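Architecture and fold: a report
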Amino acid sequence: MAKGNGKRHDVVIVGAGPGGYVAAIRAAQLGFDVGIVEREATLGGTCVRVGCIPSKALLESSFNYHEARTGFVDHGIKAQVELDLAAMQARRAKVVKQNTDGVAYLMKKNGVTVYRGNGKLLGDRRVEVSGDEPVVLEAQHVVLATGSVVTDLKGVKVDGETVVTSTEALTFEKVPERLVVIGAGYIGLELGSVWARLGSQVTVLEYLDRILPGMDLEIAKEAQKALKRQGIEFRLSARVTGVEVTKSGAKVLVDGADPVEADKVLVAVGRKPSTEGLGLKEAGVELDERGRVKVDEGFATTAPGVYAIGDLIHGPMLAHKAEDDGVALMEQLKGIPTKVHYHLVPGVAYTEPEVATVGATEEQLKEEGTPYRKGVFPFSANGRARALGHTDGKVKILAHEQTDRILGVHAIGPRAGELIAEAVIAMTFGASSEDLARTTFAHPTLSEVVKEAALAVDGRALHS
C-alpha cells in the first residue's frame, strides 16, 4: 500500500547478500510481503560478487592448472600445459554471473520487490532509498543485512592497482612475479594459493606468531607446513608499518626487518561491519565496542522494529552464518522458535589441502579447564586418499573426558570442507565420539578418516 511517494511492505531488508536475500526468500515463503534494497548493480553481496564464489572459481582453476603441471604425471598422464589467464578469468566472471542471475531469479520467483540504491534508516521503521528512483519504504519489520567491508591497515594506503584488497586480487590480468600478502587468515591464504599455483613468488606477512588465527593450533601448523612445501614463504610476528609504491612495484615496510619487495601487495587483515551511511545513530541503533550492531537473542536492535543479521552483529563473519541468521529471524517473526548455535558454525579455508573446523579448539578447552580426550587419524593411512594422490593432513576429534560428547572437530586434508559437515551434524545432535565410531561409513571414502579419528579417541583406530 503506497503512502505519499513511499511504499509499504511487511518486511524491508537492506542488503542483498547471503543474509539478506536468503532472509527475503524465507520471509516470502512464510507469507510476508517483502522488499529488498541493494546499492550494487547485481544481487548477491560480497560473497557472490567479489568474495566466496569468484575466489573458489579461481582456486579450482588454479588447482587444476597446478595438477596438470605437477600431479598428472603420477597418474601416468603426460601433458604440455599452458596458462591462459584471460580464459581463466572469463570463467570466473561466468560463474559469478550465473550466481548473481540466480539470486535475481529467486527474488522474482518468490515475489520479492527489489529496490536499487542506498538504503538509509529514517526512524519509525522507514527506509530511504536514494538512487535513480528515490523512494521511502515503510515496514513492520526492517532488517539490516549490509555485511562487512575490508578492514584498513594503519599506515597502508590501498590504491587498487599496486596495493589491493581481495576484490582487485581476484581480477589481476597477469600473474604478478612477486606477491606480498599481508594477513594469514582465510582470505590471504586462499588468494595467495591461487597466485602461487599460477607462478607468483608469494610471501605472507602475519602480525601474530601463527597462521589461521582462531583455528586449532595443531591443524594450523600442519597447514603452514603444507603451504610452505608449495612454495609460499611465511614471515610471522611481522608488523607491517607501511607500503611504499615505487616505479617497479612496492616496498612493504616491516618493523625491525628489511623491506619486502613486491609487484603487488594484497591487504587481507580482516573485515569489519559495513555500517557507514545507514543512519544508525539518528535512528537509535547502537553499536558495541567493536563497531557491531547490538542485538538481543531475537536479532532486535535498540531501535523498535529494526533488526540486524550476518556480519553486522556478533558471531562468525561467514556467509552461511548470515544465511542461518536470516532464516532464524524470519521464523521468529512468524512465531516459530528458531536459534542459530554459533559454536556449531563451521569454518573452511579452501587451500590445498583444505582446512575445516567446528566447535572448540584444543587451546580453548585447555584455557577453560574442560577435561577432554583426543583422537587423531592421518589421511596418509586412508585408501581413497592414496588413490587420489592427496594424503597430506589429518582429522582431529576432541571429546569430553567424562561424557564423550564431541566438543570440536578439526581437519586438514582433501575435501575437508565437505567432510566437516559430518561433524557439524553429529555435534548438532549431541553425538559422542562412540556414536561416530559405531557408524558405518562407505569404503573406500575419505569420510572413513572421520570414523577412524573417532575410534582413536578411545585408542582403537583400526588402520594405524
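Scroll up for the structure.
As the structure is a prediction and not an experimental result, all values here were calculated from the model.

Rules used in this analysis
- Per chain, residues are indexed from 1 in the order of the written sequence.
- Only residues with pLDDT of 70 or above have their local features reported here, since the model is predicted, and side-chain atom pairs are shown and tallied only from 80 upward, although totals for entire chains, interfaces and linings are computed over all residues.
- To obtain the side-chain values, all non-hydrogen atoms of the structure were used and water was disregarded.
- For this document, the term salt bridge refers to a Lys or Arg side-chain nitrogen within 4 Å of an Asp or Glu carboxyl oxygen.
- Put simply, DSSP H or I for four residues or longer makes a helix, DSSP E for two residues or longer makes a strand, and each gets a number counted from the N terminus.
- Classification of residues uses two cut-offs on accessible area relative to the type maximum, computed with a 1.4 Å probe and protein chains only: under 20% is buried, over 50% is exposed, and between them is partly exposed.
- Take the number of residues in a helix, subtract one, and multiply by 1.5 Å to get its expected span.
- Think of it as the arc spanned by the lines of direction from the helix axis to the C-beta atoms.
- In this description, contact between two residues means that some pair of their heavy atoms is separated by no more than 4.5 Å.
- N or O atoms within 3.5 Å of each other form a polar contact, as long as, within protein, one can give a hydrogen and the other can take it, and as long as residues adjacent in sequence are counted only when both atoms are side-chain atoms.
- Buried residues of nine kinds, namely Ala, Val, Leu, Ile, Met, Phe, Trp, Tyr and Cys, make up a nonpolar core once their side-chain atoms join them within 4.5 Å.
- Whether two strands pair comes down to DSSP finding at least two bridges between them.
- Axis lines are fitted to C-alpha atoms, over the contacting stretch for helices. Their N-to-C directions set the angle, which ranges from 0 to 180 degrees.
- Note that the term roughly parallel is reserved for angles under 35 degrees, roughly antiparallel for angles over 145, roughly perpendicular for angles of 65 to 115, and oblique for everything else.
- In this scheme the crossing of two helices becomes right-handed for a clockwise turn of the near helix relative to the far one and left-handed for an anticlockwise turn of less than a right angle.
- The pairing test for Phe, Tyr and Trp rings, Trp by its six-membered ring, is centres within 6.5 Å, and the orientation test on the planes gives stacked under 30 degrees, edge-to-face over 60, and tilted for anything in between.
- By definition here, charges over rings are those cases where NZ of Lys or CZ of Arg is within 6 Å of the ring centre and within 35 degrees of the ring normal.

This paragraph deals with the pattern of salt bridges. Applying the stated criterion to the full structure yields 26 salt bridges. Here Glu222 and Lys394 are joined by a salt bridge, their closest N and O atoms 3.7 Å apart. On the criterion of sequence distance, the pair formed by Glu222 in helix 7 (residues 217–229) and Lys394 in strand 21 (residues 394–400) is long-range, its members being 172 residues apart. Across the pair Arg292 and Asp288 runs a salt bridge, and its minimum N-O distance is 2.8 Å. You'll find Arg292 and Asp288 in the same group, each marked buried. Overlapping salt bridges bring together Asp216, Glu218, Glu222, Glu362, Lys374, Lys394 and Lys396 as one network.

Along its 13 residues, helix 7 runs 19 Å from first to last C-alpha, staying within 8% of the 18 Å computed at 1.5 Å per residue. Within the sequence span of helix 7, burial applies to Ile219, Ala220, Ala223, Ala226 and Leu227. On an axial view of helix 7, the arc spanned by its buried residues comes to 120°, and they lie on one face. Summarising the geometry of helix 7, the exposed residues directed more than 90 degrees from the buried face are Lys225, Lys228 and Arg229. Structurally, helix 7 contributes buried residues whose contacts are with helix 6 (186–197), strand 11 (233–235), strand 19 (354–359), strand 21 and strand 22 (406–413). Of the residues that open helix 7, the one with a side-chain oxygen 3.2 Å from the backbone nitrogen of Glu218 is Asp216. The first or second residue beyond helix 7 is Gly231, which carries a positive phi of 100°.

Formed by 53 residues in total, the largest nonpolar core has its most connected members in Ile13, Leu121 and Met330. The biggest single contributor to this core is helix 1 (residues 18–29), with seven residues. Ignoring sequence-local partners within four residues, the contact set of Ile13 consists of Gly20, Ala23, Ala24, Val34, Gly35, Ile36, Val37, Val143, Ala145 and Met330.

Spatially, 12-13-14 is the arrangement adopted by the three strands of the open sheet, whose pairing is antiparallel. The open sheet is flanked by strand 12 (240–245) and strand 14 (260–262), the only strands paired with a single partner. Pairs of neighbouring strands in the sheet enclose a mean axial angle of 20°, with direction left out of account. In terms of strand pairing, strand 12 meets strand 13 (residues 250–254) through five bridges, oriented antiparallel. Each bridged residue has a counterpart across the sheet, and for Val243 the counterpart in strand 13 is Val252.

What follows deals with the packing of helix 1 against helix 9 (residues 319–333). Look at helix 1 against helix 9: their axes get within 8 Å of each other, and the N-to-C directions meet at 30°. Classified by the angle their axes make, helix 1 and helix 9 are roughly parallel. Pair helix 1 / helix 9 crosses with right-handed handedness. Residues Pro18, Gly19, Tyr21, Val22, Ala23, Arg26 and Ala27 of helix 1 touch helix 9, and the partners they reach there are Ala319, Ala322, Glu323, Gly326, Val327, Met330 and Glu331.

Next up on the list: the packing of aromatic side chains. Overall, the coordinates contain one aromatic pair when judged by the stated rule. With a centroid separation of 5.2 Å and an interplanar angle of 45°, the aromatic rings of Phe172 and Trp195 are classed as tilted. Here the residue Phe172 occupies a position in the loop between helix 5 (166–169) and strand 9 (178–182), and Trp195 occupies one in helix 6, the gap between them amounting to 23 residues. Look at Phe172 and you get buried, because its relative accessible area is 5%. Sitting over the ring of Phe32, Lys334 keeps its end group 5.0 Å from the ring centre.

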